[in-house]
Each structure stands twice: as structure tokens, then as C-alpha cells.
Amino acid sequence: MRILPVFLVFTLLLLAGARDAFDQWVAETELPNLLADTSVEVVDRNGQLLRAYTVDGGLWRLGAQSDAVDQLYLEVLLAYEDKRFWSHQGVDAWALARAVAQSAWYGRVVSGGSTLTMQVARLIEDSGTGSWAGKLRQIRLALALEQHLSKQEILDLYLTHAPFGSNLEGIRAATLSWFGKEPHRLTPAEAALLVALPQSPNARRPDRNPAAAEAARERVLWRAKTAGVLDQEGVDAALMTPVPKVRRAFPAVAMHLADRAKATAPEAARHQVTVDRVLQTSLEALAQEALRGLEGRVSIAMVVADHHSGEILASVGSAGLSQADARQGFIDMTRAKRSPGSTLKPLVYGLSFDRGLAHPETLIADVPTRFGRYAPQNFDGRFRGELRVREALAQSLNIPVVMLTDELGPANLMAAMRAAGMAPELPGGTAGLAVALGGVGVSLEELVTLYAMIPQGGVAQPLIWQAGKDTPRQQRVISRSAAWHLGDILSEIAPPAGAPRSGLAYKTGTSYGHRDTWAIGFDGRHVAGVWIGRPDGTPVPGAFGAEIAAPVLFDVFQRVKPTLDPLPTPSPETLIVGNAALPEPLKTFRGRNAVFERREDALEVAFPPEGARLAGAREGMTIKVKNAAFPMTVLANGAPVASGVRRGDVTLPATGRGSATITVIDARGQSDRITVWID
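Before going into details, it helps to say that this report is about the structure given with it. Here the structure is a predicted model, which is why all the values come from computation and not from measurement.

**Some details on the overall build of the protein**
Tallying secondary structure elements over the protein gives 20 helices and 20 strands in all. In the protein, of all internal contacts separated by at least 6 residues, the share reaching a separation of at least 24 is 67%. When the accessible area of the protein is evaluated, it comes to approximately 32200 Å², of which 53% is carbon and sulfur surface.

**Re the sheet that holds strand β12 (residues 526-533)**
Across the sheet, which stays open at both edges, the 5 strands sit in the order β7-β6-β12-β11-β10 with antiparallel pairing between neighbours. Either end of the sheet is taken by a strand with one partner, and the two such strands are β7 (312-316) and β10 (505-510). The mean angle between the axes of side-by-side strands here comes to 10°, regardless of whether they run parallel or antiparallel. Pairing analysis gives 7 bridges linking strand β11 (residues 516-522) to β12, with the strands arranged antiparallel. By the bridge assignment for β12, Ala519 is matched with Val530. Along the sheet, helix α18 (residues 480-491) contacts β10 and β11; its crossing angle with β10, the most-contacted strand, is approximately 75°. Strands β6 (299-306), β10, β11 and β12 of the sheet are contacted by helix α19 (residues 545-560), whose axis makes an angle of about 140° with β12.

**Some details on the sheet that holds strand β1 (residues 41-43)**
Overall, mixed pairing links the 3 strands, which are arranged β2-β1-β5 in an open sheet. Unpaired on one side and paired on the other, β2 (49-52) and β5 (270-272) mark the two borders of the sheet. Each adjacent strand pair in this sheet contributes to an overall mean axis angle of 20°, direction not counted. Direction of pairing for β1 relative to β5: parallel, over a ladder of 3 bridges. If you follow Glu41 over to β5, its bridge partner there is Arg270. Sitting on the sheet, helix α11 (residues 255-264) touches β1, β2 and β5, and the angle it makes with β2 is about 65°.

**Remarks on the packing of helix α13 (residues 345-354) against helix α16 (residues 410-419)**
As a packed pair, α13 and α16 sit with axes 11 Å apart at the nearest point and diverge in direction by 105°. One way to sum up the angle between α13 and α16 is to call them roughly perpendicular. From α13, Leu347, Val348 and Leu351 reach across to α16, where they touch Asn412, Leu413, Ala416 and Met417.

**Points about helix α15 (residues 398-408)**
In terms of burial, α15 is largely enclosed, as 9 of its 11 residues are buried. Of the positions making up α15, those classed as buried are Asn398, Ile399, Pro400, Val401, Val402, Met403, Leu404, Thr405 and Leu408. The inward-facing, buried residues of α15 contact α13, β8 (363-366), α14 (389-394) and α16. Once α15 ends, the next one or two residues include Gly409, with phi positive near 95°.

**Describing the packing of aromatic side chains**
Across all of its chains, the model carries 4 aromatic pairs by this definition. Directly above the ring of Phe85 sits Lys151, whose terminal nitrogen or CZ lies 4.6 Å from the centroid. The cationic tip of Lys262 hangs over the ring face of Tyr53; the distance from NZ or CZ to the ring centre is 5.1 Å.

**Observations regarding the packing of α13 against α15**
Look at α13 against α15: their axes get within 10 Å of each other, and the N-to-C directions meet at 50°. Looking at the two axes, α13 sits oblique to α15. Considering how the two elements wind past one another, α13 and α15 form a crossing that is left-handed. For the pair formed by α13 and α15, the contact residues are Lys345, Val348, Tyr349, Leu351 and Ser352 on the first element and Asn398, Pro400, Val401, Leu404, Thr405 and Leu408 on the second. Residue composition of the contact of α13 with α15, by class: 7 nonpolar, 3 polar and 1 charged.

**Brief notes about the environment of Met422**
Relative to the elements of secondary structure, Met422 occurs in the loop between α16 and α17 (444-453). By relative accessible area, which is 6% here, Met422 ends up buried. Not counting the four nearest positions on each side in its chain, Met422 is found in contact with Leu344, Met417, Val442, Glu446, Leu447 and Leu450.

**Remarks on the pattern of salt bridges**
Under the definition given, this model contains 28 salt bridges. Among the salt bridges present, the one from Arg172 reaches Glu182, with a minimum N-O distance of 2.9 Å. Of this pair, Arg172 sits in helix α7 (residues 171-178) while Glu182 sits in the loop between α7 and α8 (188-196); the two residues are 10 residues apart in sequence, bridging distant segments of the chain. Both residues of the pair, Arg172 and Glu182, count as buried.

**Quick look at the side chain of Asn378**
Looking at where Asn378 falls in the secondary structure, it is placed in the loop between β8 and β9 (385-388). Given the relative accessible area of 6%, Asn378 is considered buried. In this structure the side chain of Asn378 is engaged in a polar contact, spanning 2.8 Å, whose partner is the backbone oxygen of Arg382. Once you skip the residues sitting within four places of it in the chain, Asn378 turns out to touch Asp366, Phe383, Arg384, Leu397, Asn398 and Ile399.

**Comments concerning helix α2 (residues 71-81)**
Within α2, 9 of the 11 residues are buried, which leaves the element mostly enclosed by the surrounding structure. Each element contacted by the buried residues of α2 is listed here: α4 (116-125), α6 (151-161), α7, α8 and α9 (210-226).

**Some points on the pairing of strand β17 (residues 639-645)**
Of the strand pairs in this sheet, strand β16 (residues 632-636) and β17 are connected by 4 bridges, and their pairing is antiparallel. Within β17, the position partnered with Ala636 by the bridge is Ala639. In this structure, the hairpin formed by β16 and β17 is closed by a connection of 2 residues, where Asn637 is found at a positive phi of approximately 55°.

Rules behind the numbers
- Residues numbered from 1 in each chain as written.
- Predicted model: local features only at pLDDT ≥ 70, side-chain atom pairs only at ≥ 80, totals over all residues.
- Heavy atoms only, no water.
- Helix = DSSP H or I, 4+ residues; strand = E, 2+ residues; numbered from the N terminus.
- Contact = heavy atoms within 4.5 Å.
- Areas by Shrake-Rupley, 256 points an atom, 1.4 Å probe, with all protein chains shown as cover.
- Pairing = 2+ DSSP bridges.
- Axes fitted to C-alpha atoms, helices over the stretch in contact; angles between N-to-C directions.
- Parallel < 35°, antiparallel > 145°, perpendicular 65-115°, else oblique.
- Buried < 20%, exposed > 50% of the residue type's maximum accessible area, 1.4 Å probe, protein only.
- Phe/Tyr/Trp six-rings, centres within 6.5 Å; stacked < 30°, edge-to-face > 60°.
- Lys NZ or Arg CZ within 6 Å of the ring centre and 35° of its normal.
- Left-handed = near helix turned anticlockwise from the far one by under 90°.
- Nonpolar A, V, L, I, M, F, W, Y, C, P; charged D, E, K, R; others polar.
- Salt bridge = Lys/Arg side-chain N within 4 Å of Asp/Glu carboxyl O.
- Polar contact = N/O pair within 3.5 Å; in protein donor to acceptor, adjacent residues only side chain to side chain.

Here it is, written out as C-alpha cells:
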């Protein structure tokens, strides 16, 4: 009788030792790396995926967490794969015993005994399931995982590593590829297919074997109904839903900006940028539309920003990212340094207003002028004579802005550009007067930064594209009144043909040789810029910013919002008067050489203008003279052709074809001369 208690004690000790040995065996399990590489993701301001990058081996493996996955899918998954997941310790003894018994009875595998934790163990070690040794390793690792991780963490590992066919791993890669969406909300049909695929991911790929995919999905649906997860109505609707026949491409939005984010912080797994995916997608479509009809090597770039916050809301570097594309779409033209053409002129005028050199109503001369060896010309080769500064800016005339730059000093213009947040590059290293007309390298992003300053009352508003980044320190570039005057002038420029007169303040530009065309504009909230040209810098014959880029700019604003926000109101110190009410020094612009300039009542050959080309003048030419003291003498190429003249207009004899210099001398000894070309 005493033998039985001794046996029981011995048995208990043996079992306790076995348990301790088993626990030690599990505790000594060497865990594999649980931090497998996942795809680097770039998301927009709202967390929407813009672009993802494959991991080594070309796998799409996006990180996933159960709280971001549809609850229905999780319920169907556990009902089909592991209904006691929340209660077992990594191994479901009942399911394992059932699987062994069925295999022995039928002589083949009828059902699996693997828990979800065991499947995770297999996935993270990439171990097989065809041998008892492999199964034993999975059991040991599953038990160890349960000791080190929470159930939620184990479930997240499954959602990240489960295979879904081809190079897809994880629930997010699967839903993006098969359904074109994140797994936040799934239908019963979608949930059931996603549960079925990991069992045999390649054999059940719906794009290659839809029949197998449908059959596997049906088994999952009936199991879910039996478990009470789905009702009959839900099952019937799911059975009527076809499986996806095509695998979708992963999001590829804001490609250049995504590459920029990845290059800026290569170790980060997730990058959030400030762009809005909906607007970005819309403008990328507009970029492709805008290039239709233009020759094949022309590209386009666009930037839209909120000038209150400085956040870039859309950044289109080209019409498409393809190295094989003749348009060189792989180049991000929002950051490329190019000649800005006339787009720097508003800054020159703003600085001139602040320095007391001019006012929008100041009269300024658009006449042939030389600055040493530099003789700028207007784009059309014509001169307008005396006109208001407002008109000179609106018409984008070159002579007046160079005259003002000569007074300001090119170095001060460069300093103002840097203060506005730009990083201009000088081809020759030294700033000259040509800077005002585009003789400097700037990027589209920098020009948008410059124009963001104007509606911000002259205070620099550096742009940011990384979400959560602090805006750089701001500094004043021009005064509030100067900024208001610029916005007022630019908002009155006529829109391009076919565009609404919405009051958008904008400026166009065309670089020398028609290499770059620009249009930059703003309203009370947003600022945007468009560049069109060839990335290789070769000319685009006949291209002008007003004709090519400006219509696109207006289309951009229509896609940003239905109506424009009003521009700021003038500050109290803003001087809004006509020319007659201006202080005397501001009525007419006079440069630093004004003391040597011709008096208003001085003798002047009023017609023809300097540099004119005259057709038919080989038979005679009429000139008109103002402010003369009669009689006058007229010389042609140094030889007298008329004397004793007592009228303000006189017809001269023919001088022959070619250049002719006409000189007039009056009775007081005053003289004036012009040089014309006779065809």
C-alpha cells in the first residue's frame, strides 16, 4: 500500500522536472530577427500613401497594425485560422490532436493544426512545413514568441509577413495591389479572399487562377458563417462578387518629392510631406494635358503652396518619371536652376518703391538707353516713350527695370533675393544689370518662395515640404506698402486668352533664347508657379511665358479652389494717389545722371524715333523737331542738307540705303541727332 504514494510522488516529481525542462527548452529558444525590413513609405499631409519602395529582393512588405485593419477581416481570419488565438499559449493542443488523428485515419493531411502564432514562426524564419522537425521548431518558436510578445504584437507580425502572391507580403500590400485601397474597410468578399490567399498564395492568385481563388474564398465564407461571423445574406452577396482579375500598381504620386524625402533621411521608414494627395494627383494629370501639342522634348513643373504657412501643397517635377522618356521626366524641374526671365521684375520695383526711387504713378522713360556697353532691348524691339511705372511693370518692359536696377545696384537686388529665401547662382560670379532680366540661376521653388513674400506684406515666407518641420526664421524684404502696390499692379494684368478675369496677381517670364517660360501668381491664400521648357536647356522656338505657361497657371488655381481669396488690403501708410499729387521728386524718374540729362524744353528730334527702320525713305524723309529756335540747319551723315529752316517739320532729300545719322542745330546752338536705317 505504501508503494502507491511513493509512485505518485515520483511521478509528480518526474512531471515537474519534465515541465521545468520543457520551460527551459522554450526559454532557451533563439528568436530570429523580429524587425524585418518593411517598405519605406512616403505619405501626404493626411497620411495617405504617395509612394512606397520595395525591400531587398523586390518584395512589397508594408508595415501593418491590427488597429488599422477592418475588424471584419480579423474576425474572419481568426474564425478560419485560429479560433482560440486569444486563449492558447502559442499551440492549440485540441487543434493539433485533431489534425494528427485525421491524418492517421485518412492517411493524408485533412486539416492543419497550426495556430496563427505557429504560422508567424514559420514566416519570420521562412521555415518549411513538410517535416516533423520543421513543425517541432515552429511549436518551440511559437511558445517562445508568446512569452516575449503580446497577442497584439503577434497578430501585427502576421499582418506584416503573410504572403499574398507574387512579391506581396502583408495585408496592406495585398489590399493595395488587389483592391487599390488600404485595409481600413473591407467587404466580406474582400476579407474572405485575403484570408484564403496565404494558404496557397501563388496557386490561388486571382489574376492567374480566378477559379481556385473563388473556391478558396467560398470555403472561408462558409466557415465564417458557421462561426457566426457572417450571416447568410453577407455570404450570398460575397459569392456573387467576382474576384479581382488584375493586379493594381502601387501608388506613385509626387515621385520626385518622395525621392527627395528618402534621400534627405535614408534611415527613416516613413516620411510625411506637406502635399495634398488629391491636389497633387490633379496637377499631375494637368501636367500631362498641358504638354499635348508641344514637341516631344518639352517638360513641365508646377509648385503650389499656402503662403500663410509656407507649406507646399503640390510639387510636380515633370509630366512623368521615366528615364526613357524624351522629355527627361526623371529630372525634378522644380529645383533645377534656370534663367527666370522677367519674373524678378516685381522685386526690382518693390525695392525701388521703398528706396524712394519711384511710385506706381511715377513717369519713367522707355527709350533706347545704354548702360556702358550694355544696351537692353524690349522683347518686341519697340519703345513706348514716357509712361507710368505701373504700366512699365504690367507690360514687362526692360529699359525701365534696368534703369531702376542701375540705381539700386545689382548687389542689392541679389541681397534681397537671398533675404526672400532664394539661393541665386550667378553664371559669371559677379552681378550685373542683366540680373534684372533673368541673368541669374534660380529654381521654380525659389520663385514661388519669392512671390509668397508679396501677399505676406513683404515678409519672407520660406517654403517647407516636410510635415512637422518648423518654418525658418522670417525677415522683411520690402515694406507692406510696396508689397501691396505690387499685388495691386499684378492683379490688373489681363489674363491669357480664354481664362477668366478673376483678379489673380501674376507675372510671366521668358528667358533669353526662349529656353524657359514661366508664370508665377498668387491670391490671398495660395501661391503657385509653372515652368515649361526643355530640361537640357535648349531653346523652344516661339515659346513665351504669357502664351504657354500662363494658361496653365490659371488652370492650376481653378484646381486648387473654385474662387480666389481676396488680396490683402492696403496698409495705412500706403500712398494711393495720382501722378499730380505725388511729391515733386516722384513725379518723374530721374536717375543718378539726371544733372546731365536733356532739359524738358531742349531741342529734340521727335520723329522718326532713334533706331527706326524706314521703308521708302530713299526718295526723301520727313523729320519733326520740338523746342527749336529758328532758323535751323539739318545735316545728314555730317553733310548739310537743309538750312534756314523755320518750321518744326522738314522733308529731307534721299540719303540712300543704309544707316543715316540726322543732326539738327538751331539758332541757340542746341543740337540733337538720331540714327535710323533706310531700307
